[in-house]
Amino acid sequence: MNNALWTYPWDLVDEGIERVLGNVRDVAKCNAVSVASAYHNFKQLRPHAAAGQKIYIGEGGVVYFRHDPSRYGRITPVASSILDETDVFRELCDGRDSPRLDFNAWTVIMHNTRLASTYPDAATRTAHGDPSPHLLCPAHQDAREFAVALCADLAHSYDLRIIELEAIGFLGFEHGYHHDKIGAPLGEWGGYLLGICLCDSCIERAKAEGVDADRVKSLVRAELDGIYHGDADVPPGLSKTAGLAAWDRDEPDFARYMKAGENTVASLVDDVADACAGSGTKIVIQGEAWEQFLSLETMASIVSNIDGLMVSGYDLTADEAEQLMNRSREYVGDKELIVGIQAHYPEIPSSDEWHAKVRACIENGATGLNFYNYGISTMSQLRGVGAVLSD
């Protein structure tokens, strides 16, 4: 199995590459490291970093490898200041034999505050026209060209086992920004509607598939206005399932619009796979959002054209993990099926329950496990990962 520890480049630089890789191999007993190549805004507590480096504030929306500007169009990556000191990806790949580990590129694509704020025309938009300051839209041509170039740049420049596609599609409203303030009773249904992208690019792509996208935009806008203004016809407790059932019955263009969005993401992943072909690097998509904006049918279609799927095993019991594996394997077939597992509080890597979950994943078809993550976990938690992998 390919068992990886998700890792940040700054942890490798600050603690020392050899030390971190040694801990990955000897403490956590993993045979791979998955390093962030492009990442979003965050604040990180680092338990085993040196004094004065316990808190790390990310640069946000930058890349951590030396990109080739000639590959990109209007939207071009911004390089991390870490690259002024070292190219972590080059050092990892060139020093592969000491110690022997595989390397994956953990690549966050559309979730990028820096780029979405710089190019608001390429950001997702609500039914009322508000741009998301942290989400590029996978329907916008410039954002699509950026995504394809980013992945091809990595695949053809570095000796990687896998590129993990995170946030390559629509993330929805609840994938938050920073100190979100929400007083309106959105409920599950309102939150779902507010996360649907109705930008010009999405509208145009849906119209090209024969959808009355203008009606869909008006429909979503009116429903949200009803929620904002306390319309009694829109109960605040309305579930997404109930709302979708009603609109599936009464508003067929809505379902067709959402399907057009799924096709948008699927075609983008296909473009990424084509651009990376011949590199020897596998392409795997992270699937946390598949039940919100990607149907199981579409996700299965996407995975059939790439190398595999990564699913989240966070906060699951052993029985739930077994169910997840069985359900996912049905749609993945014989492709890579990787499970993300938290290796830190509130999950307890030393507990019998956590061990049972990991074993359930291994025994029910996982081809790999990714543990989250090196820098935010304590050394005791990393030893817990090593203990279960040594069983």
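Refer to the preceding data block for the structure.
As a starting point, this report considers the structure included with it. Every value quoted in this text rests on a predicted model; they were computed, and no experiment measured them.

1. Section: the pattern of salt bridges
Okay, so step 1: One pass over the full model with this rule turns up 17 salt bridges.
Okay, so step 2: Glu-15 is the partner of Arg-19 in a salt bridge, and the nearest nitrogen-oxygen pair spans 3.9 Å.
Okay, so step 3: Among the salt bridges present, the one from Arg-25 reaches Asp-26, with a minimum N-O distance of 2.7 Å.
Okay, so step 4: By relative accessible area, which is 40% here, Asp-26 ends up partly exposed.

2. Structural notes on the nonpolar core
As a rule of thumb, soluble globular proteins bury nonpolar side chains together.
Okay, so step 1: Counting residues in each nonpolar core, the largest one holds 130 residues, and the members touching the most others are Tyr-39, Ile-163, Leu-165, Phe-254, Tyr-257, Ile-285 and Phe-371.
Okay, so step 2: It is helix 10 (residues 252-276) that provides the largest number of residues to this core, a total of eleven residues.
Okay, so step 3: Contacts of Tyr-257, omitting those with residues within four sequence positions, involve Ile-196, Cys-197, Leu-198, Cys-202, Ile-203, Ala-206, Val-211, Ala-213 and Val-216.

3. Here we look at helix 7 (residues 200-208)
Okay, so step 1: Every buried residue belonging to helix 7 is among Ser-201, Cys-202, Ile-203 and Ala-206, and all of these are buried.
Okay, so step 2: Against helix 8 (213-228) and helix 10 lie the buried residues of helix 7.
Okay, so step 3: Positioned one or two residues after helix 7, Gly-210 has a phi angle of 85°, which is positive.

4. Observations concerning the packing of helix 7 against helix 8
Okay, so step 1: With their axes 9 Å apart at the nearest point, helix 7 and helix 8 run at an angle of 130° to one another. Relative to helix 8, the element helix 7 lies oblique. The residues of helix 8 that touch helix 7, namely those facing Ile-203, Ala-206 and Lys-207, are Ala-213, Asp-214 and Lys-217.
Okay, so step 2: The class makeup of the residues in the contact of helix 7 with helix 8 is three nonpolar, no polar and three charged.

Criteria and cut-off values
- All residue numbers refer to positions counted from 1 along the written sequence of the respective chain.
- Side-chain atom pairs in this predicted model are given and counted only at pLDDT of 80 or more, local residue features only at pLDDT of at least 70, and totals for whole chains, interfaces and linings cover all residues.
- Remark: hydrogens and water are excluded; side-chain values derive from all non-hydrogen atoms of the structure.
- For this document, the term salt bridge refers to a Lys or Arg side-chain nitrogen within 4 Å of an Asp or Glu carboxyl oxygen.
- The classification of residues rests on relative accessible area computed with a 1.4 Å probe and restricted to protein chains. Under 20% of the type maximum is buried, over 50% is exposed, and intermediate values are partly exposed.
- Nonpolar cores are built from buried Ala, Val, Leu, Ile, Met, Phe, Trp, Tyr and Cys residues. Side-chain atoms within 4.5 Å join them into one set.
- Secondary structure elements are defined from DSSP: runs of H or I of at least 4 residues count as helices, runs of E of at least 2 residues count as strands, and each element is numbered from the N terminus.
- Contacts were defined at the residue level, with two residues in contact if any of their heavy atoms lie within 4.5 Å.
- Note on method: axes are straight lines fitted to C-alpha atoms, helices fitted across the in-contact stretch only, with angles between N-to-C directions ranging 0 to 180 degrees.
- Put simply, angles under 35 degrees are roughly parallel, angles over 145 are roughly antiparallel, angles from 65 to 115 are roughly perpendicular, and the rest are oblique.
- Three classes are used: nonpolar for Ala, Val, Leu, Ile, Met, Phe, Trp, Tyr, Cys and Pro, charged for Asp, Glu, Lys and Arg, and polar for all others, with Gly counted as polar.

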